Every structure is written in structure tokens, then in C-alpha cells.
Amino acid sequence: MRTVVSIILAAGEGTRMKSALPKVLHAICGQPMVAYVLRAVLDAGCRKNYLVVGYRAEEVIETLKSFLSLREKRIEFVRQSRLLGSGHAVLQTKKDLKGYGGDVLVVNGDLPLLSGATLNRLVQAHFKQKNSLTILGAILKDPSGYGRIVENRANDEKRIRIVEERDATPRERRINRVNAGVYCFQAKDLFKALAKIRPDNRKKEYYLTDAAKILSEMGKKVGMVIAKDSSEVEGVNNRKQLANVQKCINMKNLERLMFNGVTIVDPSSTFVDSTVRIGRDTIVYPGSSILGKTRIGENCRLGPYAFIQDCRIDKDVEVRASFIYGAKIAERAKVGPFSHIRPGTVVGEDVRVGNFCEVKKSKIGQGTKVSHLSYIGDSFLGKNVNIGAGTITCNFDGIRKNITRVGDNTFVGSDTKFIAPVKIGKGAVIGAGSTITEDVPAGKLAI
């Protein structure tokens with residue numbers, strides 16, 4: 001059985017992105033761009049994967065290590081210390097592949113729409129046709145910006161070469177068959193070709209694409225597979241292309257959710273990261289964004305205009321026009337409209353956090369109501385507490401954040417200020433307009 005390893009080219013700076021961030025780390029629907037390429041080669045069955053890094057290499061490595069709990073043993077990082085082109089990048093793996101006699105899939109790291117199925121189709125054609133090199137191509141109405149795949153005949157043999165657009169003749173630029181930046185090589189022929197590549201082009205770089213011409217001239221068989229869906233080869237070289245690709249992946253995320261029983265009222269105005277999971281019979285209303293590692297249960301009502309990031313939301317929850325970050329929301333809770341729930345907050349079952357409230361790093365017990373215009377910070381509210389409108393926990397004394405504790409079944413009147421640290425016993429009543437600076441015993445009235 002023939003084996004395949006992959007080399008993913010992720011060393012470039014991406015100057016057209018106009019960014020200090022390495023191009024392959026730009027996020028698309030919550031994941032670094034190159035993570036989608038990694039997933040594609042893993043889905044294609046590559047037993048080992050080499051990620052070539054160069055520009056800000058340590059940042060790329062650390063980001064991917066923290067992001068990919070990935071089958072790490074199947075991924076190794078290879079450094080390209082001098083950025084001398086794609087051919088030079090692949091050459092950095094020669095030591096790692098010494099003695100390897102199988103096939104090598106080489107993929108540009110800026111192709112987030114590429115699927116494992118397409119890669120597998122390329123590999124299978126490579127095997128079946130017994131090629132030295134098989135190139136993935138695509139037919140585009142507008143091939144601008146892409147290298148062209150040029151076919152010629154010499155001595156009744158078809159020869160294939162790739163011409164970068166900047167080096168192409170006017171006639172070659174009219175060709176709409178483009179190079180996708182994906183190749184399958186026989187390993188032994190790959191490194192023979194790399195040894196013959198010369199930087200005789202306008203950028204003075206070692207182009208991997210020259211390998212096609214070199215192998216053809218060596219009498220090796222070079223073939224081509226055309227992608228069924230040309231959108232898969234859409235690369236990301238600037239912010240406009242980044243936005244286009246993100247729109248495409250977002251729609252795939254929404255389709256996945258809809259086919260699994262989630263109602264998306266208006267897909268054109270809804271944004272969901274690839275890492276989000278949502279239970280069936282949940283409805284997402286227009287203008288909502290659900291990001292990060294958010295997990296949402298069944299039968300929730302989200303939006304309109306809900307912004308939810310890195311949250312755990314149980315079933316039957318309602319979130320309207322609110323911002324929620326890093327929080328846990330229990331069953332049947334209602335949040336909003338116009339609430340702000342900050343990281344570290346735990347909202348209990350049947351809790352109501354109403355309009356224009358902010359909750360920060362607090363725990364709110366079952367059945368408690370924080371209905372209007374209140375700030376609850378660094379607090380522990382018990383069960384069935386009523387927080388009147390305009391209540392504020394004054395948690396910061398200029399040096400440290402202090403804790404407010406309110407016992408079960410306490411009634412807090414409107415416009416109350418708790419000067420933390422302070423503890424309110426169970427069943428207490430706090431008069432409207434009070435400023436509480438001392439602990440209040442259970443069952444007592446404080447004014």
C-alpha cells in the first residue's frame with residue numbers, strides 16, 4: 001500500500017495582507033487559516049505532516065500548538081530560516097524525508113476552502129496514472145493572480161509546465177486553467193527536481209512550480225487533476241479575499257447547523273464560528289454572532305443581535321440583544337435585552353438578567369432576578385433574590401476587588417449600593433436608596 005505524507009507551506013509573511021501577523025494565522029470563523037489546511041490533509045489520510053514555518057515562526061508554532069489539541073504526533077514543524085521561495089521551503093524537509101520512498105502531498109497554507117475529498121481525489125489519480133507529479137488545477141473565469149498551467153507537445157508527448165503570472169507572456173495569461181498550489185509528487189523525483197531549480201525569475205526565488213517543467217524534461221510523467229469546485233482553490237492573499245473566504249466558511253457552518261435541526265432565521269446576517277456547537281430546535285435570530293468554543297443546548301432563543309463568545313449555555317435559554325463572554329448560563333435563564341455578561345459569571349436556572357444590566361465574575365442563584373439597570377460585580381447572589389433597579393455592587397476600593405454576598409430570598413430595593421466587602425443574610429430586606437456598608441443579619445431590614 002502506497003503511503004503519503006504532506007508538506008504544508010506556511011513560511012511566508014503575506015505582505016499583501018498589510019499585517020504584522022503571519023498570513024496563515026489570520027482567523028477565519030474562529031480558527032487560524034492554516035488549521036483548515038491541516039484538517040484537509042489529515043482527512044485525506046496523510047500519515048505524517050510537515051508544516052514549514054519561517055516568518056515569525058515561534059508565533060505560528062505556539063498558536064497552532066495551543067489551538068490544535070490535534071493528533072500532534074502526526075504534525076511536525078520545519079523551519080525555513082531564509083524565505084527564498086516555495087521550492088526552497090520544500091527543500092527544508094529533505095532531511096526529515098531521507099529514505100522515504102512514498103509520495104508527498106505539497107499544499108499551500110493559504111487554501112482554507114480545500115477539502116480532504118479533493119486532496120484524496122488528487123492522490124488517487126496520482127497513483128492510478130503512475131505519475132511522477134500530479135498538479136491540482138482549476139478553471140476560473142478570471143484567472144488573474146494565479147499561475148497558469150500550460151500544456152505543450154514535444155515529440156508527440158504532452159508536457160505540462162506552470163508559469164507564474166508575473167512571468168507569463170500575454171498569450172499565457174489568457175489561459176484560464178490555473179495552478180491551485182497543490183501537488184502530489186513521488187518523493188524521489190521531488191528532490192531530484194528541487195536540485196535543478198534555479199532562481200531565474202523576477203523575484204529571484206526558487207519556485208516549486210518549476211518542478212513540473214523539469215520533471216517533464218527528465219522524461220517523467222506529469223499529470224493534472226481539475227478541481228470539481230473551483231472555489232476550493234481560492235487562496236487568501238489580501239483582506240478582501242479573507243472576507244470572501246470567511247463568508248463561504250460561515251455559510252458552511254450555518255448549513256451544518258441547519259441540517260442538524262437549528263433554525264437560522266436569516267443566514268445572511270448571522271455569523272457562527274467553526275468551533276461552535278448548537279443543539280436542535282434552537283432558533284438564532286438575525287444579527288447574531290456566536291463565537292469561540294461556545295456550546296449551546298436545545299430549544300434556546302438567541303437574538304436578535306446576540307453576541308456570544310466562549311460560553312456554555314444550557315437548554316431553554318433566551319438571550320436577546322446582549323453581549324455574553326466566557327459565562328455559563330443554566331436552563332431557562334433569560335438574558336437581555338441590552339445586558340452585558342462578562343467572563344467568569346455563572347447564571348443559574350430560571351434567572352432573569354434584564355435590560356441594561358452588567359454582571360461580572362459573579363454567581364447568580366436559581367430564580368434570582370436582576371431586572372433593570374444594575375451592576376453586579378464579584379458577587380454571590382443566592383436563590384430567589386430580587387435585585388431592584390439601579391442596584392450597584394461597589395466592588396473596587398482602589399486597591400483590590402471585594403466580594404458582595406447576598407443570601408437566599410433577600411429583597412433588595414431600587415437604587416441600593418453595596419460597599420463591598422459586605423454580606424447580606426438570608427431573607428433580609430434592603431430599603432430602596434440604601435447604601436450598605438456593613439453586614440446585614442438574616443431576616444433583618446436595613447435602611
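Use the structure listed above.
First, a word on what this report is: a plain description of the structure on this page. (Residues numbered from 1 in each chain as written. Predicted model: local features only at pLDDT ≥ 70, side-chain atom pairs only at ≥ 80, totals over all residues. Heavy atoms only, no water.)

## Remarks on the environment of glutamate 358
Thought 1: Mapping glutamate 358 onto the fold places it in strand β28 (residues 358–360).
Thought 2: Overall, the relative accessible area of 24% leaves glutamate 358 in the partly exposed class.
Thought 3: Dropping the residues within four chain positions of it, glutamate 358 is found in contact with His340, Arg342, Ser374, Tyr375 and Ile376.
Thought 4: Within polar-contact distance, the side chain of glutamate 358 engages the side chain of arginine 342 at 2.8 Å. (Helix = DSSP H or I, 4+ residues; strand = E, 2+ residues; numbered from the N terminus. Buried < 20%, exposed > 50% of the residue type's maximum accessible area, 1.4 Å probe, protein only. Contact = heavy atoms within 4.5 Å. Polar contact = N/O pair within 3.5 Å; in protein donor to acceptor, adjacent residues only side chain to side chain.)

## Description of the packing of aromatic side chains
Thought 1: Counted by the stated rule, this structure contains five aromatic pairs.
Thought 2: Each ring, one from tyrosine 183 and one from phenylalanine 185, has its centre 6.1 Å from the other, and the planes form 45°; the classification is tilted. The burial state of tyrosine 183 is the same as that of phenylalanine 185; both residues are buried.
Thought 3: Ring plane angle 20° and centroid distance 6.4 Å describe the contact between phenylalanine 323 and tyrosine 325, whose orientation is recorded as stacked.
Thought 4: A relative accessible area of 24% means that tyrosine 325 is categorised as partly exposed.
Thought 5: The structure contains a cluster of three or more aromatic residues connected by ring pairs, namely Phe307, Phe323 and Tyr325.
Thought 6: Sitting above the plane of the phenylalanine 396 ring, lysine 401 keeps its charged end 5.6 Å from the centroid. (Phe/Tyr/Trp six-rings, centres within 6.5 Å; stacked < 30°, edge-to-face > 60°. Lys NZ or Arg CZ within 6 Å of the ring centre and 35° of its normal.)

## Observations regarding helix α7 (residues 210–217)
Thought 1: Along α7, the positions that sit buried rather than exposed are Ala211, Ala212, Ile214, Leu215 and Ser216.
Thought 2: Next to the buried residues of α7 lie β7 (133–139), β9 (157–163), β10 (177–186), α6 (187–194) and β11 (222–226).
Thought 3: Phi turns positive, to about 85°, at glycine 219, one or two residues after α7.

## Regarding the pattern of salt bridges
Thought 1: Applying the stated rule across the entire model yields 19 salt bridges.
Thought 2: One salt bridge connects lysine 220 with aspartate 189, and the closest N-O pair in it is separated by 3.6 Å. Residue lysine 220 is found in the loop between α7 and β11, and its partner aspartate 189 is found in helix α6; the two are separated by 31 residues along the sequence.
Thought 3: Overall, lysine 220 belongs to the partly exposed group, its relative accessible area being 29%.
Thought 4: Owing to a relative accessible area of 2%, aspartate 189 belongs among the buried residues under this scheme.
Thought 5: Between arginine 312 and aspartate 314 there is a salt bridge, with its nearest N and O atoms 3.5 Å apart.
Thought 6: Within the structure, one salt-bridge network assembled from shared partners comprises Glu331, Arg332, Glu349 and Asp350. (Salt bridge = Lys/Arg side-chain N within 4 Å of Asp/Glu carboxyl O.)

## Thoughts on the sheet that holds strand β24 (residues 334–335)
Strand pairing in a sheet relies on backbone hydrogen bonds. The paired strands run either parallel or antiparallel.
Thought 1: Pairing in this open sheet of 11 strands is parallel, and the strands run β12-β15-β18-β21-β24-β27-β30-β33-β36-β39-β41 from one edge to the other. In this open sheet, the two edge strands, each paired with only one partner strand, are β12 (263–264) and β41 (445–446).
Thought 2: Sheet analysis places strand β27 (residues 352–355) next to strand β30 (residues 369–372), joined by three bridges and oriented parallel. Bridge assignment links arginine 352 to a residue of β30, and that residue is lysine 369. (Pairing = 2+ DSSP bridges.)

## Observations concerning the nonpolar core
Thought 1: Counting 45 residues, the largest nonpolar core has Ile290 and Ile424 as the members making the most contacts within it.
Thought 2: Those elements that place two or more of their residues in this core are α8 (239–259) and β38 (422–424).
Thought 3: In contact with isoleucine 290, other than residues within four places in its own chain, are Phe271, Val272, Asp273, Val276, Ile278, Val284, Ile296, Leu302 and Ile308.
Thought 4: Within the second largest apolar cluster, 39 residues are counted, among which are Ala40, Ile61, Val107 and Ala180. (Core = buried A, V, L, I, M, F, W, Y, C linked by side-chain atoms within 4.5 Å.)

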